[in-house]
Structures are given as C-alpha cells and as structure tokens.
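Okay, here's what each chain looks like letter by letter:
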Amino acid sequence: MRLETLAVHAGHAIDPATGAVTAPIHLSTTFERGADGSYPRGYIYTRTANPNRSALEKCLAALEGGAAAAAFSSGSAATMTLLQALAPGDHVIAPVDVYHGTARLLREVFAPWGLETSFVDMTDPGQIEQAVRTTTRLIWVETPSNPLLKIADIARVSDIAHAAKALCACDNTWATPVLQRPFELGADLIVHATTKYLGGHGDVLGGGLIAKRDDGFFQRIRNIQTSGGAVPSPFECWLVLRGVPTLPYRMPGHSENALRVATFLSQHPTVEAVHYPGLKEHPGHEIASRQMKQPGGMLSFQVKGGRKRAFEVAAKVKVFTRATSLGGAESLIEHRASVEGPETRTPDNLLRLSIGLEHADDLIEDLAQALT
Ligand SMILES: Cc1ncc(COP(=O)(O)O)c(C=O)c1O
C-alpha cells in the first residue's frame, strides 16, 4: 500500500466489540485473565501494552517501513531509550548541531553513565570517519538539523556506520516519512518526536522509535520501554494516531509555504542569511533534492543588526506566534539562541520559523511588515 493509504489504515481498525469506526480509548490499566491463567486478548497491564499504544506502534512501523516500533511519552524519552539500550563504554557519534535536548542528554545524562560521544560536523563524511573508534556503536544523524537546517547524507553516514559495525539512527522528526525515507537510505533506527508533525496539532507530547529489524537490539529497547514505563497514555496515543491520516497532505502544504517564505526572505534587504534546503544556494541543496521529496516546513534566518533586531522583528509579527516547537497548523517564530541556553552555538541574530498551513501570502505579508 502507498503512504496515503497506510496513514489512513495502519493501526486504524474497526472496534470488534462495538463496530466503532474511530477507535475507543482504552483507559483501563489492567486486563482480565482467563480462568486457565492465560491472557486470551493479549493484554495484561497497560505499562506493558495497551490497545491504543499497540495501534500507534503498528502505524509508526508501517509509515516508516520498519519491522517494529515502540511509542514513548516524548521524543526525548525515545532518544533516551535508544541510548540506554547501548552499554557504558560504548561510543556514539552525533552531529555538533544536534537538537539541543539530545546534546544535553548525551552530555549531562549519558556521559556520567559511561557513554562517550564525539560531536562532529555530520555534513563532512571525513570528520565522521575520523571520529570512528573500535567502541563506536551508534552514529546519530539528524537531517535537516535544528535550527541551521544542515543536510547530512543519510546513505553515506549509514555506510560509515556499517563499515564500523555500528548502527545508524536517524531523527526523522523534521522531515517525516512523507518527505524522507531513512530505512531506504540505509538507516537502522528512526526516532520521532511525534509531538511535532505526526501529532500535527500542537496538543500532544510523544515519541516513537522504529526499527528496521525486530532483532535483539529492538528487544532491549522494548524491555526498557515496558520496564521503565516512559510510555504515552492511551489518550496521547489516540491523539497522535488521529493526526496521522492527514500527514501526507499536510507536509506538502508546509513545504510549499516554507519555500515561498524562504524565497521572500532571501530577497529581503534586511535579512543576512536564510537557511532552507529548498533554496538553490543552500550548501545541502543537492543532497536534500536527492534524499527528500520536498525540503519541509522548517527554516531559519538571520537578520542584519544582531540579537536586539531579531527580538524586534519577533515582537512585531501578528500572524506568526512567538513560541517554541513546530509541526502544527499555526506558524511559529522563535529566537532560538535564548531558548537553547548558554551552551548554544546558534547565532544570536537567528529566528527559527515553523511554517504552518495558513496562506503563504499572509505569512509573507506578516514578515514583511515585521521586518520594516
Ligand atoms: C529534531 C527533534 N528531535 C527530538 C525532539 C524532542 O521531542 P520532545 O520535545 O517530544 O521530547 C525535538 C523537539 O523539539 C526535535 O526538534
């Protein structure tokens, strides 16, 4: 089946008890055992498995073309579980501009636990190869990256990982399976903050970890998920699943709007730089055109005049909302460096945009008046 059909049907089934077309939310934490001591319907206790979570996991695996998936209470919980499935002493290679929450997990939570990380420029295969050690178990790729929209070549990074007998994990939150297919490019694991485009409505926090193979490593992930319990509630699973059927139609809308906004900004005299892989002058444009169906709904730009000027522009918008996060129907603008904290490498004059599903002309007019 094609992605549009999978998005509507994978994990969406008629409720056998009532015939309900939209799935009921199973709030029960516990499930009846048979007189013979068995669990005839497959469910025991909701931390271990719940019908709404099973449905979401089935859907996530189908969307990415993976063998199995595990759902989590946030994207960061999915990342954390993948890192916990490694062992102290293992070595990870991650992008120097990886999502700042992932960098913080690696530096502040997993370094004391014994995981070693090398942060490299993921756009430079030579740097990745040089960072490989005998203990390297995982190469983490996030593309497009947050917030500079750098593009890493997933196929190339996967080859380097496999030559080192390591796994390649791809954070596919920004591109989604609609625009980018990491398993087809060689990745072994895919991470999502379902909080963003998959949920799609800015009303649910969640994460997903999808495995290409349902092997021993995925069983470790499953064990950490069910033993630790960083799982989404049944309602949260239901909300993410409710968002998915429209994903294949939302992503082209986000992307087409973003290209128009990026083109406008790139011609504006008060804008210093625009970071959007859909623009021909973007250094990752060629790779992005190859590995992405469209360049996506996220972009960032740097204004002339520094931090103060960036805040002034953000203060003047009327259609955009000043807020963090991304992937909803409404467009958001954010001064990224001040959100990322003192360790940030993000330029002080940078504003990040999550382009929503409004009319592109309204977004452009809003930015035009804010930049004046
Ligand atoms: C690329 C990326 N990965 C992971 C996350 C973490 O997701 P969550 O906030 O659901 O923990 C985010 C959040 O912004 C993100 O942008």
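In this text, all values refer to a predicted model and were calculated from it rather than measured experimentally. (Residues numbered from 1 in each chain as written. Predicted model: local features only at pLDDT ≥ 70, side-chain atom pairs only at ≥ 80, totals over all residues. Heavy atoms only, no water.)

The subject of this paragraph is the packing of helix α10 (residues 247–266) against helix α14 (residues 360–371). When two helices pack together, their arrangement is captured by the angle between the axes and the distance separating the axes. Across the interface, α10 lies against α14 with an axial gap of 9 Å and an inter-helix angle of 30°. With respect to each other, α10 and α14 are oriented roughly parallel. Remark: the crossing between α10 and α14 carries right-handed chirality. Side by side, α10 and α14 meet where Asn-257, Arg-260, Val-261, Phe-264 and Leu-265 of the first sit next to Ala-360, Asp-361, Leu-363, Ile-364, Leu-367, Ala-368 and Leu-371 of the second. (Axes fitted to C-alpha atoms, helices over the stretch in contact; angles between N-to-C directions. Helix = DSSP H or I, 4+ residues; strand = E, 2+ residues; numbered from the N terminus. Parallel < 35°, antiparallel > 145°, perpendicular 65-115°, else oblique. Left-handed = near helix turned anticlockwise from the far one by under 90°. Contact = heavy atoms within 4.5 Å.)

The next thing to look at is the pattern of salt bridges. Applying the stated criterion across every chain, the model contains 19 salt bridges. A salt bridge links Arg-181 to Glu-184; its shortest N-O distance comes to 3.3 Å. Take Arg-181: its relative accessible area is 22%, and that puts it in the partly exposed class. Among the salt bridges present, the one from Glu-340 reaches Arg-336, with a minimum N-O distance of 3.1 Å. With a gap of 4 residues between them, Glu-340 and Arg-336 both fall in helix α13 (residues 336–340), about one helical turn apart. Among the residues examined, Arg-336 registers a relative accessible area of 2% and is labelled buried. One network of salt bridges, with partners in common, ties together Glu-334, Arg-336, Glu-340 and Arg-352. (Salt bridge = Lys/Arg side-chain N within 4 Å of Asp/Glu carboxyl O. Buried < 20%, exposed > 50% of the residue type's maximum accessible area, 1.4 Å probe, protein only.)

This part covers a nonpolar patch on the surface. Residues Ile-25, Leu-27 and Phe-235 make up a contiguous nonpolar surface patch of roughly 300 Å² in combined accessible area. You can see Phe-235 is positioned in helix α9 (residues 234–243). Taking the relative accessible area as the measure of exposure, Phe-235 reaches 43% and is therefore partly exposed. (Patch = residues over 30% accessible without salt bridge, like charges linked within 9 Å, V, L, I, M, F, W, Y side chains within 5 Å. Areas by Shrake-Rupley, 256 points an atom, 1.4 Å probe, with all protein chains shown as cover.)

Another point: the nonpolar core. Grouped together as the largest cluster of nonpolar side chains are 35 residues, with contacts concentrated most on Leu-56 and Leu-63. Secondary-structure elements contributing two or more residues to this core are α1 (3–9), α2 (51–64), β1 (68–72), α7 (176–179), α9, α10 and α11 (285–291). Looking at this core element by element, the count peaks at 6 residues for α2. Other than its neighbours up to four places away in sequence, Leu-63 contacts Leu-3, Ala-7, Pro-177, Arg-181, Leu-198 and Val-244. In terms of nonpolar packing, the next biggest core, distinct from the first, is built from 28 residues, Ala-68, Ala-70, Trp-140 and Phe-218 among them. (Core = buried A, V, L, I, M, F, W, Y, C linked by side-chain atoms within 4.5 Å.)

Attention shifts here to helix α3 (residues 75–84). Across the 10 residues that make up α3, a large majority, 7, are buried. All buried positions along α3 are accounted for by Gly-75, Ala-77, Ala-78, Thr-79, Thr-81, Leu-82 and Leu-83. Regarding α3, its N-cap is Ser-74, as a side-chain oxygen of that residue lies 3.3 Å from the backbone nitrogen of Ser-76 further along. (Polar contact = N/O pair within 3.5 Å; in protein donor to acceptor, adjacent residues only side chain to side chain.)

Moving on, we come to the packing of aromatic side chains. Throughout the structure, instances matching the rule amount to 3 aromatic pairs. Relative to Tyr-43, the ring of Phe-31 has its centre 5.5 Å away and its plane inclined at 40°; by these criteria the two rings are tilted. Placement of the pair is Phe-31 in the loop between α1 and α2 and Tyr-43 in the loop between α1 and α2, with a sequence separation of 12 residues. For the residue pair Phe-31 and Tyr-43, the accessibility class agrees, reading buried in each case. (Phe/Tyr/Trp six-rings, centres within 6.5 Å; stacked < 30°, edge-to-face > 60°.)

Close to the ligand lie 15 residues, the nearest being Gly-75, Ser-76, Asp-171, Thr-195 and Lys-196. Contact between the ligand and Gly-75: an oxygen atom at 2.9 Å from a main-chain N or O atom of the residue. In the environment of the ligand, an oxygen atom lies 3.1 Å from a nitrogen or oxygen atom belonging to the side chain of Lys-196. Contact with the protein chains hides 92% of the accessible area of the ligand, taken as 390 Å² for the molecule alone. (Near = heavy atom within 4 Å.)

Mapped onto the elements, Gln-291 comes out in helix α11. Not counting the four nearest positions on each side in its chain, Gln-291 is found in contact with Thr-143, Ile-151, Ala-152, Asp-153, Ile-154, Leu-179, Gln-180 and Leu-185.

Turning to the sheet that holds strand β7 (residues 207–211), a few remarks are in order. Taken in spatial order, the 7 strands make up an open sheet running β1-β7-β6-β5-β4-β2-β3, and their pairing is mixed. Two strands close off the open sheet at either side, each with one partner strand: β1 and β3 (116–120). The sheet shows a mean angle of 20° between the axes of neighbouring strands, taken without regard to direction. (Pairing = 2+ DSSP bridges.)

With that settled, the discussion passes to the environment of Leu-82. Within the secondary structure layout, Leu-82 lies in helix α3. With sequence-adjacent residues up to four places away left out, Leu-82 is seen in contact with Leu-138, Trp-140, Ala-169, Leu-189, Val-191, Leu-209, Phe-217 and Ile-221.

Where α2 contacts α9, the two axes come as close as 8 Å, and the packing angle between them is 35°. You can see that α2 and α9 cross each other, and the crossing is left-handed. In contact with Asn-52, Arg-53, Ala-55, Leu-56 and Cys-59 of α2, α9 contributes Pro-234, Cys-237, Trp-238, Val-240 and Leu-241. Looking at the contact of α2 with α9 residue by residue, the class counts come to 8 nonpolar, 1 polar and 1 charged. (Nonpolar A, V, L, I, M, F, W, Y, C, P; charged D, E, K, R; others polar.)

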